[in-house]
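# Coordinate inspection notes
Take a look at the letters that make up each chain.
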Amino acid sequence: MDQPGADVIELISRFHTEFAVRMTGFDSVGNPIPPPDSHVLDHLARAWDLTDVEGAGDRPAAGTVVCPIEELECELCGARARYESPLVIRGQRVRVELCLECMRERGDPVLGGSGSVYFMYFDEVSAAVRAVCDGICTRKGRASIWGGPTTAQADTGGGSSPTTPVGGRASDPPPLGAVTVAVRLRRLWLDEFGPAFDEHDHDLAEVWRDCAVRRLGPDLVVTGQISFGDGDPFADQFSQRLAARLTERTRGSVRALRYEHSERPLKTPQRSRTSNLDVFHPADLTVPIEKTANGISARLAGASNPAKVALSGLHLAAVSRHRIWFAAASAEVKATVGKTPGAAGELALAVKAVQRKDPLYDIFVDSEAASLPSATALVRKGH
Ligand SMILES: [Zn+2]
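These remarks concern the structure in this document. (Residues numbered from 1 in each chain as written. Predicted model: local features only at pLDDT ≥ 70, side-chain atom pairs only at ≥ 80, totals over all residues. Heavy atoms only, no water.)

### Thoughts on the coordination of the zinc ion
Here is the rule we go by: With water excluded from the atoms, a metal site may look incomplete; its donors are any N, O or S atoms within 2.8 Å, or within 3.2 Å for Na, K and Ca. Secondary structure counts use DSSP, requiring at least four H or I residues in a row for a helix and at least two E residues in a row for a strand, with both numbered from the N terminus. When accessible area is computed with a 1.4 Å probe and restricted to protein chains, residues below 20% of their type maximum are described as buried, those above 50% as exposed, and intermediate ones as partly exposed.
For the zinc ion, the full set of protein donor atoms is Cys 74 (SG), Cys 77 (SG), Cys 99 (SG) and Cys 102 (SG), and the range of their distances to it is 2.3 Å. Binding-site remark: the zinc ion is held by donors from one chain whose sequence spacing is C-x2-C-x21-C-x2-C. Linking Cys 77 in the loop between strand E2 (65-66) and strand E3 (83-89) with Cys 102 in helix H3 (residues 100-106), this pair joins segments that are 25 residues apart in sequence. Note on Cys 77: relative accessible area 47%, which makes it partly exposed.

Here's what the structure looks like:
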């Protein structure tokens, strides 16, 4: 059964769908039309929490464009993805990431609403939008959103950009992808930090499950309703050890814990406002990972053998209220899922069966995928 209030959430999300912006994605001769700066800014403000005004996020999102934090691949051919679009696979509507060519052939040419979404990579964002975002970050005393290893690589302008980190040794392991970091943060919070708070009778003992956790640049921001006044629950020595662990597990991408007090009860996130970079929200605990793993592997038992072989390389790494994350041990394992006929489609259908909505999920690369518990394997022996 749904929790009380679910009908209200449904109503709000329907309102946002019905009043959403819709624009044509191509001109009369078939050239793609990128969404305007106002839509890009609307997306960035929501994704990076750049709004100055409380409640500004309650306006319907433009929803025509997303700025991916890392390179995305077309799920049909492996080229650089340019859109997310609804496709009909085996009679069911699923959302897939497509390159320009595959989009022209098979995608929905309308952007926004329940149609397609344009991917504008960081290096393609206009100077005007960059200036507005930088202005807000400076006012808020925050690091620029364009920083970080992924953006630095995407910056093909030549020369060194002021946000490019310098001094990395050649022997350092490569930085982790943003989604990999987000999923590792979720597992750290649930599997290590939370139980450690309880064990050490930390300020957050017993209440850590009621806190929302998100990543803001190098900080892990924990938001809760408990007020510590002028005190900082992360000022103790124990928390310094957690910060060291944070740094180690994210290869230096995230290095500090920060607490934010919320006067109001935390809002349950709407499905349309979640992203594959989400770390944790208390509402996520309503979806047990074992149940999700069982549901998906049961659904995949009926897939073709080649599809099952390809999908056996994936592990269920994380589940939130609205999303699912699958870990592949290497880029090759991930690419195999895309290239094997039926594999990606079967996975989308399995997620759809579990979520009972248009599936929201992501496959990310983490070399540690194979060390996840065997209960999270998608294809079980004996099936
Ligand atoms: Zn393609």
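### Thoughts on the pattern of salt bridges
Stated formally: A side-chain nitrogen of Lys or Arg and a carboxyl oxygen of Asp or Glu constitute a salt bridge if their distance falls within 4 Å.
Applying the stated criterion across every chain yields a total of 17 salt bridges. The salt bridge partner of Asp 42 is Arg 46, with a shortest N-O separation of 3.1 Å. Placement of both Asp 42 and Arg 46 in helix H2 (residues 37-47) is noted, with a separation of four residues, approximately one turn of the helix. Its relative accessible area of 17% is what places Arg 46 among the buried residues. Between Glu 260 and Arg 258 there is a salt bridge, and its shortest N-O distance comes to 3.7 Å. Among the residues examined, Arg 258 registers a relative accessible area of 32% and is labelled partly exposed.

### Quick notes on the packing of helix H8 (residues 289-300) against helix H11 (residues 343-355)
Condition: Every angle, taken between N-to-C directions, lies between 0 and 180 degrees, and every axis is a line fitted to C-alpha atoms, over only the stretch in contact when it is a helix. Each angle receives one of four descriptions, namely roughly parallel if under 35 degrees, roughly antiparallel if over 145, roughly perpendicular if within 65 to 115, and oblique otherwise. The hand of a helix crossing depends on one turn: near helix anticlockwise from the far one by less than a right angle means left-handed, and clockwise means right-handed. Contacts are residue-level and defined by heavy atoms, with any inter-residue pair within 4.5 Å sufficient. Just so you know the grouping, Ala, Val, Leu, Ile, Met, Phe, Trp, Tyr, Cys and Pro go in nonpolar, Asp, Glu, Lys and Arg go in charged, and all remaining residues, Gly too, go in polar.
The geometry of H8 relative to H11 is characterised by a closest axis approach of 9 Å and an angle of 135 degrees between their N-to-C directions. For the element pair H8 / H11, the angle class is oblique. Crossing of H8 over H11 shows right-handed handedness. The segment H8 lies against H11, with Thr 292, Gly 295, Ile 296, Arg 299 and Leu 300 engaging Glu 346, Leu 347, Leu 349, Ala 350, Val 351, Ala 353 and Val 354. For the contact of H8 with H11, the per-class residue count stands at eight nonpolar, two polar and two charged.

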